[in-house]
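Structural overview for review
Next come the chains, spelled out residue by residue.
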Amino acid sequence: MERRDFLKNAVALCGLSLLPAGVIESCSKQSFAGPTNVNFSLDLTNSANAALKSVGGALVANGVIVIRTSTANFDALSATCTHAGCTVGYNASSATIVCPCHGGTYSPASGAVLGGPPPSALAKYTATLSGNILTVKS
C-alpha cells in the first residue's frame, strides 16, 4: 500500500468513527422547555384565529399551542416538543398533540407524555375566554 492510499484510508476511518457519536448526540436526553412568562390574548373574531372558532380547532401562537376542546373551554400548552425542540401540532381525529420529528404524543388536557421519546410533559398554561377574547397566561 502506498503512503498516499494509507493516509486517505486513515482519514476516512477517523471521520467515520465520529459519525456514531453525532448520531447518538442527536437523540440525547436533553429536554426542551416551552416559553415562560406567557401572557397574551387572541381575538377570536380575527380571521388569523379562525381555527379556534370550532371545537377541535387548534393554532400555535407565541410558542403555545391552543386547542378548542368545547364551546367554552380551551387547552393551552407549550408548542415545543420536550424531546427535540420541534413545534408540535394537534391531531383532532386522535385528540392528541403530536411531534412531527420523532412521533412523540402528548395529552392535550394535561400535557403528559402518551408515547414516544419525549422525556417530560409539555408545560400547561391557563386559557380564559371572556366574550371573544381568549387570554393565555403562565
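The structure we're discussing is the one just above.
Residues numbered from 1 in each chain as written. Predicted model: local features only at pLDDT ≥ 70, side-chain atom pairs only at ≥ 80, totals over all residues. Heavy atoms only, no water.

Time to look at the environment of Ala-72. Looking at the secondary structure, you find Ala-72 in the loop between β3 (64-68) and β4 (74-78). C-alpha separation for the pair Ala-72 and Leu-129, spaced 57 residues apart in sequence, amounts to 7.0 Å. (Helix = DSSP H or I, 4+ residues; strand = E, 2+ residues; numbered from the N terminus.)

Strand-to-strand pairing in sheets goes through backbone hydrogen bonds, with the strands running parallel or antiparallel. Judged by pairing direction, the sheet is antiparallel, and its four strands sit side by side in the order β5-β6-β7-β8 without closing on themselves. Looking at the sheet topology across the chains shown, the edges are occupied by β5 (89-91) and β8 (113-115). With two bridges connecting them, strand β7 (residues 105-106) and β8 associate as antiparallel partners. Residue pairing across strands places Tyr-106 opposite Val-113, the latter belonging to β8. (Pairing = 2+ DSSP bridges.)

Tracing the sequence through the fold places Thr-96 in strand β6 (residues 96-98). The exposure class assigned to Thr-96 is buried, which follows from its relative accessible area of 13%. A polar contact is formed between the side chain of Thr-96 and the side chain of Ser-94, at a distance of 2.7 Å. Excluding its chain neighbours within four sequence positions, the residues that come into contact with Thr-96 are Gly-89, Tyr-90, Asn-91, Tyr-106, Pro-108 and Leu-114. (Buried < 20%, exposed > 50% of the residue type's maximum accessible area, 1.4 Å probe, protein only. Polar contact = N/O pair within 3.5 Å; in protein donor to acceptor, adjacent residues only side chain to side chain. Contact = heavy atoms within 4.5 Å.)

Read from one edge of the open sheet, six strands run β1-β10-β9-β4-β3-β2, paired in antiparallel fashion. Edge positions in the open sheet fall to β1 (39-43) and β2 (58-61), since each of these has one partner strand only. Pairs of neighbouring strands in the sheet enclose a mean axial angle of 25°, with direction left out of account. Relative to strand β9 (residues 124-130), β4 is paired through two bridges, and the arrangement is antiparallel. The partner of Ala-76 across the bridge, within β9, is Tyr-125. (Axes fitted to C-alpha atoms, helices over the stretch in contact; angles between N-to-C directions.)

Everything listed here is a matter of coordinates, which is why it stays silent on function.
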